[in-house]
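Secondary and tertiary structure notes
The primary structure of each chain is shown beneath.
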Amino acid sequence: MMLHIPGVLTPDEVLAIQQRLQQADWGDGLATVGALGATVKHNRQLPQQAPVAQELAQYVSQAVRKHPLFVSNALPLHVLPPLFNRYEGGENYGLHVDGAIRQLPNGQSMRTDVSCTLFLCEPDTYEGGELVVVDTYGTHEVKLPAGDMVVYPSTSLHQVLPVTQGVRLASFFWVQSLVQDDQRRAMLFELDQTIQRLLAQLGSTTETVALTSHYHNLIRQWAQT
């Protein structure tokens, strides 16, 4: 399922990251794409081994991992260190699907179940640049406030439309979930959010304890570790 996660970063955190990225040396986005993606990818990317990229990746990763909506929705097993991209002057990324397997820094392979884009510019500072995601429910255009993130199944076709004015900065990364199936993850997310609302309204009751038990037993049944 696609989910908008607000407030992953505060305005001050976004500003600090923007300032670091404005001073960074950007490379060609083709450095991290396969042969097919290279035919449609036209952007710039922060080299993954650059000190500023590693510093900001750790910062963003910590912010993401502590956000309860992200944890509830993605049920992360492995999270790839965040990357950073830049679009301007008509740059775009045509329709594509993300590669199924990527490498963690320790050399271990991970499956990409959930794709994540964290917006780092306010939407009124650039024209175009919408993230367009195609799923079974149609085509969705996403252009969120700075500090907000969208997550969606990595199986989805998607693209970034041309940025015709201004600069679009974003961080992006992938997650291997404990629960591979997107429909099961969506059911678990809805169940978890319902439990949280009931706990806020009623406190711990026999019913909320029973629902929590069902939630964890479903994860126990479906999780792959």
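Residues numbered from 1 in each chain as written. Predicted model: local features only at pLDDT ≥ 70, side-chain atom pairs only at ≥ 80, totals over all residues. Heavy atoms only, no water.

The name an unreviewed UniProt entry gives the chain is Fe2+-dependent dioxygenase, with Lampropedia puyangensis as the organism.

**A word on the packing of aromatic side chains**
In this structure the tally under the stated criterion is two aromatic pairs. On the numbers, 6.3 Å between centres and 65° between planes, the contact of Phe-70 with Phe-173 is edge-to-face. Separated by 103 residues along the polypeptide, Phe-70 in helix α3 (residues 68-74) and Phe-173 in strand β17 (residues 168-177) bring together distant segments of the chain. Among the residues examined, Phe-70 registers a relative accessible area of 0% and is labelled buried. By relative accessible area, Phe-173 is classed as buried at 1%. Between Phe-172 and Trp-174, the ring centres sit 5.7 Å apart and the planes meet at 90°, which makes this aromatic pair edge-to-face. In terms of burial, Phe-172 and Trp-174 fall into one category: buried. (Phe/Tyr/Trp six-rings, centres within 6.5 Å; stacked < 30°, edge-to-face > 60°. Helix = DSSP H or I, 4+ residues; strand = E, 2+ residues; numbered from the N terminus. Buried < 20%, exposed > 50% of the residue type's maximum accessible area, 1.4 Å probe, protein only.)

**Quick word on the environment of Gln-180**
Residue position: Gln-180 is located in the loop between β17 and α4 (182-202). The class for Gln-180 is partly exposed, based on a relative accessible area of 40%. When the C-alpha positions of Gln-180 and Gln-19 are compared, they lie 37 Å apart, and in sequence the two are 161 residues distant. If we ignore the near neighbours within four places in the chain, the residues touching Gln-180 are Arg-111, Asp-113, Arg-185 and Gln-224. (Contact = heavy atoms within 4.5 Å.)

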